[in-house]
Amino acid sequence: MLELIECLNEIGGNGEIRAVILAAEGKVFSSGHDLNELVNGTLDGYRRIFDVCTQLMARIQSIPQPVIAQVQGIATAAGCQLVATCDLAVASSEATFATPGVKNGLFCSTPMVALTRAVGRKRAMEMLLTGKPVDAASAAEWGLVNRVVPPAGLAAETRKLACQIAEASAFTISVGKQAYYAQIELDQPRAYAYAKEVMSMNTMADDAHEGITAFLEKRPACWKR
């Protein structure tokens, strides 16, 4: 987790990077925490583990570039949290998702935060209370992932999505991502008050003027950032 945070810190400061694909190898995307680290430990030790995990999830959403989970296999517990936290997710038809902590006496409380915001209350509670796996098609229907593709096409489809994002202004994407997470927890009046100020400031940016002008002139935009 610390290595991922360090990597994301470097990526976040690199304006040449337009999108991030978070991928894994083998049959498992991420099975979450190593349970060997959660036996016979201390309260401060456990707090440290979950604090670092929370920092990782927050960092994914705070860097300016969109982060896409490329889920080729099993994503359980904090691994499911990781998928739910990423801005976008593309899954193989062989991927499965679960929060099985309840079966081990350790309720998936931190995964619950991201999961609930991705799939909603009832479906999150079903996953959390039963620990039952959810297949890729259901994950897409529930909103945990954006789309499901055959295993052979997973990498290409994920890269295609990243390239579509990279066509836009990096500045505009960063403004939009930050604004999305800032407004999502606000009530509607406050969300609109915040969003209209963001949009007003965005309209003043060079890339906004370039994009609008390019559209009106029916030509490709030439982004400054």
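Our subject is the structure that appears above.
Caption draft 1: Representation of the state of the cysteines. One pass over the full model with this rule turns up zero disulfides. The thiol sulfur of C80 is not disulfide-bonded, and the nearest other cysteine sulfur, from C108, lies at 8.3 Å. Judged by its relative accessible area of 1%, C80 is buried. The structure places no disulfide on C86, whose sulfur is separated from the nearest cysteine sulfur, that of C80, by 11 Å. Accessibility expressed as a relative area gives 5% for C86, which makes it buried.

Caption draft 2: Fine view of helix α8 (residues 170–183). Compared with the 20 Å implied by 1.5 Å per residue over 14 residues, the 20 Å span of α8 between its first and last C-alpha is a close match. Turning to α8, its buried residues are F171, V175, K177 and A179. Where α8 is buried, its residues meet α2 (43–62), β3 (67–71), α9 (188–203) and α10 (206–216). Where α8 begins, the capping side chain belongs to S169, and its oxygen is found 3.2 Å from the backbone nitrogen of F171.

Caption draft 3: Structural view of the environment of L106. Within the secondary structure, L106 sits in the loop between β6 (96–98) and α4 (109–119). Overall, L106 belongs to the partly exposed group, its relative accessible area being 41%. Residues L106 and A179, 73 residues apart in the sequence, show an inter-C-alpha distance of 34 Å. With residues near it in sequence (within four places) discarded, L106 still touches L38 and G101.

Caption draft 4: Quick look at helix α1 (residues 2–12). Taken together, the buried positions of α1 are occupied by I5, L8, I11 and G12. Buried positions in α1, seen along its axis, are confined to an arc of 125 degrees and lie on one side of it. For α1, the exposed residues lying more than 90 degrees away from the buried face are L2, E3 and E10. Packed against the buried residues of α1 are β1 (20–23) and α2.

Caption draft 5: Looking closely at the pairing of β3. Buried residues dominate β3, accounting for five of its five residues. The alternating pattern of β3 places V67, A69 and V71 and I68 and Q70 on opposite faces, both of which are buried. Of the pairings in the sheet, the one linking β1 to β3 comprises four bridges and is parallel in character. Across the sheet, residue V20 finds its bridge partner in β3, namely V67. Bridging between β3 and strand β5 (residues 88–92) involves four bridges; their strand directions are parallel. The residue bridging I68 from the neighbouring strand is L88, located in β5.

The rules behind each value
Residues numbered from 1 in each chain as written. Predicted model: local features only at pLDDT ≥ 70, side-chain atom pairs only at ≥ 80, totals over all residues. Heavy atoms only, no water. Disulfide = S-S within 2.5 Å. Buried < 20%, exposed > 50% of the residue type's maximum accessible area, 1.4 Å probe, protein only. Helix = DSSP H or I, 4+ residues; strand = E, 2+ residues; numbered from the N terminus. Expected span 1.5 Å × (residues − 1). Contact = heavy atoms within 4.5 Å. Polar contact = N/O pair within 3.5 Å; in protein donor to acceptor, adjacent residues only side chain to side chain. Arc of directions from axis to C-beta. Pairing = 2+ DSSP bridges.

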